[in-house]
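# Overview (structure and organization)
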Amino acid sequence: MVDFLWLVIALPLAGAVLLHFFGRYMKEQLSGWLASIAIGGAFVIAVIAAIPFFQGGEHGTVILLWQWMPSIGANLEILWDPLAALMTLVVAGVGALIHVFAIGYMHGDERFPRFFTYLNLFAASMLTLVLAGNYAMLFVGWELVGLCSYLLIGYWFTRKTAAAAAKKAFVVNRIGDFGFMVALMLVFTTFGTLSYSGIFERAGAELSSGLATAIGLLILVGAAGKSAQIPLYVWLPDAMEGPTPVSALIHAATMVTAGVYVIARSAAIYDLSPVALTTVATIGAFTAIWAASIAIAQRDIKKVLAYSTVSQLGYMFLAVGTTAYVAGIFHLMTNAFFKALLFLGAGSVIHAMSDEQDMRKMGGLFKKMPTTAITMGIATLAIAGIPPLAGFWSKDEILASVYARGGWFSFLWIIGLVTALVTAFYMTRQWVLVFLGEPRWDEDKHPHESPRVMTVPLIALALLSVVGGLINTPFFTTLARFLDPSFELVDMQLPPEGGLLVTVLAGLAVLAAVGGIAVALVSYRRPRERWLDFEQGFGPLWGTWEAAYRVDDLYGATLVGPGKKAAELAAFGLDLKVIDGAVNGVGRLVRNAGAWTRTLQTGYVRNYGVLFLGGALIIVIWLVAGGM
Amino acid sequence: MVEALLFVLMALGALAGAVTVVVARNSVYSAMGLLATLFSVAVLYVVQLAHLVAAVQVIVYAGAVMTLFLFVIMLIGVDLSEAIDERLPRQRLWVGGLAGLVIILAGVVTVSGEFEWVPAAAPETIVESTNGTVQAVAVPLFTEWVLAFEATALLLTIAAAGAIALAHFRRVRV
Amino acid sequence: MVASGWYMGLAAALFTIGALGILLRRNALVMFMCIELMLNAVNLTLISAGRVMNDLNGQVAVFFILVVAAAEVVVGLAIIVAIFRRRATASVDELSELHG
C-alpha cells in the first residue's frame, strides 16, 4: 500500500486540475462531491498505509517518487513515518468533512467550482508539506499552502477588505518564509543536503550548538509566520474575510499547524539548542495569553475563534518548545477536531442568520438550530478542557509536561493555566451570547437549522471531539507509542511520573476551566444591559482588548508607512529619475551628438574644400613623419 | 647658367600669374594670370627637355582651354565683380591655419636635414631616349600606353557630347 | 644646372597658391582656374621627377593629364553655364541646399 502513497497527493491535485478546466461545465453538486471524494480517497489510502504503524514501533520508510535535484538532496520523496501518517490522517480526514460541509455552505455562489478547485489544491499542497522527505519539498508545500491561503482568503475578491486581507496574509507569511529560507540555507551549508535522512542522523555529531540555535530560531521565524505567533499573527484575524469553510480548514485545522509540524520534524536540530527551544516555548506561552485576552472582548463570532486559534497554537508551540512533542502533536490533532467544529458551527450560524456575524445581534438560537447548538456546545467544553472530552487530555498533557520541566518553564506553566481559564471564559461567553437568552436579531433574519450536508460533518467532528482524546490518556498511551519511532533521536519531555502529581495538576486545570465557564455563565446569562455593565466594568481594558492592543496600528505606523515611503522613493525617485533618466540621457546624448555633428554639413563647397585639404595635409604630415 | 636664369624668370612669371589668378577681382584678369602661368610652365618644360609636352601645353591648354574659359566668362558676365567680404564664418581662419601648417611643415622638413634636395640628372647621363622629342614620346605612347591613349580619346568624345547635351538641353525643354 | 628640387619647390608653391585660391574665392570660374593651376603644378612635378629618374613615363603621364584636364574643363564649364542659366549666379555659395 505504501507504493500507492503518491496517490494521496495526486488525487486532490488531479481534482484541482480537473475542476479548474472543466468545473464550469459541471453542476454544483458534481463538482463539490468530486472534490470531496478526491480528498476522501486520499484519506482512505492513508489509513490503509498507516496500518503497520498502529501496532506501534514501526519505523518509517522513504519512498522516492522522482529525482528532482539529487545533488542537493531535493527529490520528490515521501517520508512515511508515524508523524507524517498522523498529520496526513488529520489533514485528509478533517479536510474531507469540511469539503462536504462546504457543498452546503457555498450553495448558490457563482464561482462554486472554483472554490473547490482551490480547496483541493490546498489539500494537495498541505499533504505535500506533511509527506515531504526533505526540506525542499516541504518548502514547496509551504509556499503552495501560502498561495492557496491567499486565493481562498481573497475568494470574494470584489470586497476590498477581503482583497486586503489576502494580501496581508501573504506578505506577513513572506516575512516568515524569509527566515525559513535562511534556515534552509544554513542547513544546506552544514550538511550538504536537504534530505531528512541525511540531516537528522548526523545532526548530533556535526551540528554545533550555536549553529543549531541559529537554525532553530530561523525556523521559528518561519513557523511564527505560518502558525500566527507573536509577532507575525496579525494576518489571522483578518483572514476571517474568507468563507467559513476556509477558516475552518486552513486557519484552524491544517495550514496553521504547519509551523508546529516543522518544528516537531526538526526536533533533532532543536535537541542541540536549549536556547531555541526555550524561545519557542516562551513565544508560544505569551502568544497564548495575549490572544486569549484579545478574544475576551471580540464581537464578531469568527474573530473570537480566530484569536482562539492563535491562542491554541501558542499552546502547541509551548509544548514543542518544552520538547513534549507528543503532547504538542496530540493537541494539534484534538484542536483540529474541535476548532474545525467550532468554525463549521459558526458557519452554520452565519448561514442561518444570512451572513450576520455580530454576536450581539444573535441570541436564543438554541431552539432554532439545536444540532448546531449542541455540537458547538460540545466543542466549547472540549476546548475549555473539561474531562473526558478531547481537549482536556491534550491540554492537560501539555501543562503537566511544562510543569515537569521546571525552572523558567514553571512560569510558563502559570501562564498556560491562566490562559486555560481565560479560554474557558471567552468560549462560554460566545456560546451563551449566540445560543441562549432572548433573541436579539434583526427583523429580516429567519434562522433555521442547516441542511444535512452541513450538519452531518458537525456531528462527526463532535464525536471525534468527545472520543478523540482517549487515544492518549495516562492510562492508554497509544499515541505516544504510535509516535515514538519518529522521535527516537531526541529527548522528549514527558509528563511527570506519579499519579498524585498528575491528578493535582489535572485538577488545577479543570478548576481553571470550570471557573472560567462559571464567570461567563453568570455574567452573560442575563439581560443585555447587565452584561454591557459587566463589560464596562473592565474600563479601558475592554476597549484595548477589543482593539487587539492596536497592534495593527503599530505595525502600520512603524513598518507599513515607512515601507510605502521607501517604495515610493524607489519607484519615483530612483527608478523614474535615475534609471529612466540615465537611459533617456543616453538617448539625449546621442541625439545631441548627432545634432552637433550635423553642423559639419554646411552645404558650402568651400567648407568642404577646407576639410579635404586639411585631411590631405594630415596624411602628408603622417607620411613625412613616418619617413623621418 | 642660361638654365638658371631662365628658371628664375619663368618661376617669377609663374608665381605672379598664380597670385593674379587668386587675387584679381575681375575674372578676366584671373584668366590672364593663368595664361601667364601656363606659358611660363611651358618654357620650364622645354628647359627640362620635354618638348612635345611643352608644345601640347601651349596648343591645348593655353590655346583651347583658356579660350573656352574666356568664352564662358564673357557669357556669364565679365563685370561680375565679387564682393570682398567673406560670408562663411571662420573660413579665413581655417585657411590661415592650413597655410600656417603648410609653412611649418616645410620649415620642419627643411631644417631637420633628413631630407635631401632632389638633384637633377647630370647632362652627360641624359640619354637620347629620354629626350622628350615627338619621336621619343610617341614610342611608349603607342606601344605601352596605347590602351590609355584610346581610352582618353573615348573620354574626349564623351566629354564633347556631354557638354553639348548640358548646354543644349535646357532650351529645348523649356 | 638647376637641381630638380627647385622645380618641385616651385610646383609646390603653385599648388599651394591654387589650393588657397579654391578656398578663398567664390566665383566658380575662378575656382576652376585654380584647379587648373594645381594640375599644372602636378605636371611640373612629374616632368621634373621623370628627368631625375631618366624615365620617359613622366612625360607620358603629363600628356594624359593634359588631355583629361581638357575634357574636364569642357564638362565643368558646361555645368557652370547650365547653372548660370537657372540661377543667374556664378557664386558657389549660393548652391548650398545640401546642408544638415
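Owing to the predicted nature of the structure, the values given are computational and were not obtained by experimental measurement.

### Considering the overall build of chain B
Secondary structure summary: chain B contains 6 helices and 0 strands in total. Secondary structure of chain B in N-to-C order comes out as α-α-α-α-α-α. Out of the 174 residues in chain B, the part that is buried amounts to 33%. Within chain B, residue pairs in contact and separated by at least 24 positions form 55% of the contacts whose partners lie at least 6 positions apart. For chain B, the exposed surface amounts to about 10,300 Å²; the carbon and sulfur share of it is 76%.

### What to know about the overall build of chain A
The secondary structure content of chain A amounts to 25 helices and 2 strands. Among the 628 residues that make up chain A, the fraction classed as buried is 55%. Taking the intrachain contacts of chain A between residues at least 6 apart in sequence as the baseline, contacts between residues at least 24 apart amount to 81%. For chain A, the accessible area works out to roughly 25,400 Å², and carbon and sulfur atoms hold 69% of it. Here chain A contributes 39 positively and 38 negatively charged side chains, and the mean placements of these two sets differ by 10 Å.

### Points about the pairing of strand 2 (residues 74-80) of chain A
Residue and element names in this part refer to chain A. When you tally the buried positions in strand 2, you get 6 out of 7 residues, the bulk of the element. The pairing of strand 1 (residues 61-69) with strand 2 spans 6 bridges and is classified as antiparallel. If you follow T61 over to strand 2, its bridge partner there is W80. In textbook terms, the turn of a hairpin is the stretch between consecutive antiparallel strands, and for strand 1 and strand 2 this stretch comprises 4 residues, one of which, G73, has a positive phi near 75°.

### Here we look at the interface of chain A and chain B
Between chain A and chain B, the residue contacts involve 12 residues of the former and 14 residues of the latter. Both sides of the chain A and chain B interface together cover about 1,100 Å² of buried area, and 78% of this is carbon and sulfur. Inspection of the region where chain A meets chain B yields 0 salt bridges. Viewed at the interface, chain B and chain A are joined by 1 residue pair in polar contact (both at pLDDT 80 or more).

### A short note on the nonpolar core
All names here are of chain A. In terms of nonpolar packing, the biggest core is built from 181 residues, with W80, Y135 and I263 touching the most fellow members. Of all the elements, helix 15 (residues 325-352) adds the most residues to this core, at 18 residues. Beyond its immediate sequence surroundings of up to four residues, I263 is in contact with I219, L220, A223, Y270, V280, F317, V320 and Y325.

### Examining the packing of aromatic side chains
Going through the model one piece at a time under the given rule, you end up with 23 aromatic pairs over all chains. Measuring from centroid to centroid gives 6.3 Å for F366(A) and W431(A), while their planes differ by 85°, and the two rings are edge-to-face. Taken together, the residues span a long stretch of sequence, with F366(A) in the loop between helix 15 and helix 16 (370-384) and W431(A) in helix 18 (residues 408-435) at a distance of 65 residues. Here the aromatic rings of F63(C) and F64(C) are separated by 6.0 Å at their centres, their planes lie at 80°, and the arrangement is edge-to-face. Looking at F64(C), the relative accessible area reads 11%, which means it is buried. Three or more aromatic residues joined by ring pairs form one cluster here, namely F112(A), F115(A), F116(A), Y155(A) and W156(A). The ring of Y155(A) carries R111(A) above its face, with NZ or CZ at 4.6 Å from the centroid. Above the face of the F409(A) ring, R405(A) is positioned so that its terminal group lies 4.7 Å from the ring centre.

### Focus on the pattern of salt bridges
With the rule as written, the count across this model stands at 10 salt bridges over all chains. Among the ionic pairs, R51(C) bridges to E3(B), the shortest N-O distance being 3.6 Å. Linking R51(C) in helix 2 (residues 28-53) with E3(B) in helix 1 (residues 2-23), this pair reaches from one chain into another. Considered together, R51(C) and E3(B) belong to a single accessibility category, that of buried residues. Between R87(C) and E97(C) there is a salt bridge, and its shortest N-O distance comes to 3.2 Å.

### Side note on the interface of chain B and chain C
At the junction of the two partners, chain B supplies 79 residues and chain C supplies 65 residues. Summing both partners gives a buried area of about 6,700 Å² for chain B against chain C, and 73% of it is carried by carbon and sulfur. Taken as a group, Q48(B), Y61(B) and F69(B) account for 10% of the area that chain B buries against chain C, more than any other trio of residues on that side. Linking chain B with chain C are 1 salt bridge, by the criterion used here. Counting the contacts that link chain B with chain C gives 8 residue pairs in polar contact (both at pLDDT 80 or more). Broken down by secondary-structure element, the contributors of at least two residues to the side of chain B that touches chain C are helix 1, helix 2 (27-47), helix 3 (51-76), helix 4 (91-112), helix 5 (134-143) and helix 6 (146-173) of chain B. The element contributing the most residues to the side of chain B that touches chain C is helix 3 of chain B, with 12 residues. When the residues that make up the side of chain B that touches chain C are grouped by side-chain class, the tally is 58 nonpolar, 11 polar and 10 charged.

### Points about the packing of helix 1 of chain B against helix 2 of chain B
All names here are of chain B. With their axes 7 Å apart at the nearest point, helix 1 and helix 2 run at an angle of 155° to one another. By the angle class used here, helix 1 and helix 2 are roughly antiparallel. For the element pair helix 1 and helix 2, the recorded crossing hand is left-handed. Of helix 2, the residues touching helix 1 (which contributes E3, L6, F7, M10, G13, A14, G17, A18, T20 and V21) are Y29, S30, G33, L34, A36, T37, S40, V43, L44 and V47. Counted by class, the contact of helix 1 with helix 2 contains 12 nonpolar, 7 polar and 1 charged residues.

### Some words on a nonpolar patch on the surface
Residue and element names in this part refer to chain A. Taken together, the side chains of F4, W6, L65, W66, W68, M69, V140, L144, L147 and Y150 make up a nonpolar region of the molecular surface, amounting to roughly 900 Å² of accessible area. Going through the elements one at a time, strand 1 and helix 5 (135-153) are the ones with two or more residues in the nonpolar patch. Looking at the element boundaries, W6 is found in helix 1 (residues 6-22). Among the residues examined, W6 registers a relative accessible area of 41% and is labelled partly exposed.

### Focus on helix 16 of chain A
Each full turn of the α-helix corresponds to 3.6 residues, which orients residues three or four apart in the same direction. Residues and elements named next belong to chain A. With 15 residues, helix 16 extends 21 Å from end C-alpha to end C-alpha; this agrees with the ideal 21 Å at 1.5 Å per step. All of the buried residues along helix 16 are T372, A373, T375, M376, G377, A379, T380, A382, I383 and A384. Packed against the buried residues of helix 16 are helix 14 (301-321), helix 15, helix 17 (390-405), helix 18, helix 19 (452-467) and helix 21 (499-524). In the segment just after helix 16, G385 is the residue with positive phi, at about 100°.

### Let's talk about the confidence of the model for chain B
Regions with low pLDDT carry predicted coordinates that are not meant to be interpreted in detail. Of the residues in chain B, 84% have a pLDDT of 70 or more, and the chain-wide mean is 84. For this predicted complex, the interface score ipTM comes out at 0.90, alongside a pTM of 0.70.

### Concerning the packing of helix 5 of chain B against helix 3 (residues 57-87) of chain C
The geometry of helix 5 of chain B relative to helix 3 of chain C is characterised by a closest axis approach of 10 Å and an angle of 75° between their N-to-C directions. On the basis of their axis angle, the class for helix 5 of chain B and helix 3 of chain C is roughly perpendicular. In this structure, helix 5 of chain B uses V137(B), P140(B) and L141(B) to contact helix 3 of chain C, whose residues at the interface are Q59(C), V60(C), F63(C) and F64(C).

### A short note on the environment of F343(A)
Relative to the elements of secondary structure, F343(A) occurs in helix 15. In this structure, F343(A) is in contact with M240(A), T244(A), S247(A), A248(A), H251(A), A252(A), K302(A), L305(A), A306(A) and T309(A), ignoring residues within four places of it in sequence.

### Details of the side chain of E77(A)
Residue and element names in this part refer to chain A. Relative to the assigned elements, E77 resides in strand 2. One buried charged side chain, E77, makes no salt bridge at all; its nearest oppositely charged neighbour is R265, positioned 11 Å away. Of the polar contacts made by the side chain of E77, one reaches the side chain of S195; its length is 3.1 Å. Beyond its immediate sequence surroundings of up to four residues, E77 is in contact with V62, I63, L64, L65, L131, A132, G133, N134, M137 and S195.

### Examining the side chain of T372(A)
Residue and element names in this part refer to chain A. Within the secondary structure layout, T372 lies in helix 16. Look at T372 and you get buried, because its relative accessible area is 0%. Residues contacting T372, with those up to four places away along its chain left out, are G345, S348, V349, F435, E449 and L458.

### As for the environment of V41(B)
Checked against the element boundaries, V41(B) lands in helix 2. For V41(B), a relative accessible area of 0% puts it in the buried group. Setting aside residues no more than four positions away along its own chain, V41(B) makes contact with Q57(B), L14(C) and N40(C).

What counts and how
- Residues numbered from 1 in each chain as written.
- Chains lettered and ligands numbered in written order.
- Predicted model: local features only at pLDDT ≥ 70, side-chain atom pairs only at ≥ 80, totals over all residues.
- Heavy atoms only, no water.
- Helix = DSSP H or I, 4+ residues; strand = E, 2+ residues; numbered from the N terminus.
- Buried < 20%, exposed > 50% of the residue type's maximum accessible area, 1.4 Å probe, protein only.
- Contact = heavy atoms within 4.5 Å.
- Areas by Shrake-Rupley, 256 points an atom, 1.4 Å probe, with all protein chains shown as cover.
- Lys, Arg positive; Asp, Glu negative; His and termini not counted.
- Charge placed at Lys NZ, Arg CZ, Asp CG, Glu CD.
- Pairing = 2+ DSSP bridges.
- Buried area = accessible area lost by both parts, 1.4 Å probe.
- Salt bridge = Lys/Arg side-chain N within 4 Å of Asp/Glu carboxyl O.
- Polar contact = N/O pair within 3.5 Å; in protein donor to acceptor, adjacent residues only side chain to side chain.
- Core = buried A, V, L, I, M, F, W, Y, C linked by side-chain atoms within 4.5 Å.
- Phe/Tyr/Trp six-rings, centres within 6.5 Å; stacked < 30°, edge-to-face > 60°.
- Lys NZ or Arg CZ within 6 Å of the ring centre and 35° of its normal.
- Nonpolar A, V, L, I, M, F, W, Y, C, P; charged D, E, K, R; others polar.
- Axes fitted to C-alpha atoms, helices over the stretch in contact; angles between N-to-C directions.
- Parallel < 35°, antiparallel > 145°, perpendicular 65-115°, else oblique.
- Left-handed = near helix turned anticlockwise from the far one by under 90°.
- Patch = residues over 30% accessible without salt bridge, like charges linked within 9 Å, V, L, I, M, F, W, Y side chains within 5 Å.
- Expected span 1.5 Å × (residues − 1).
- pLDDT = per-residue confidence, 0-100.

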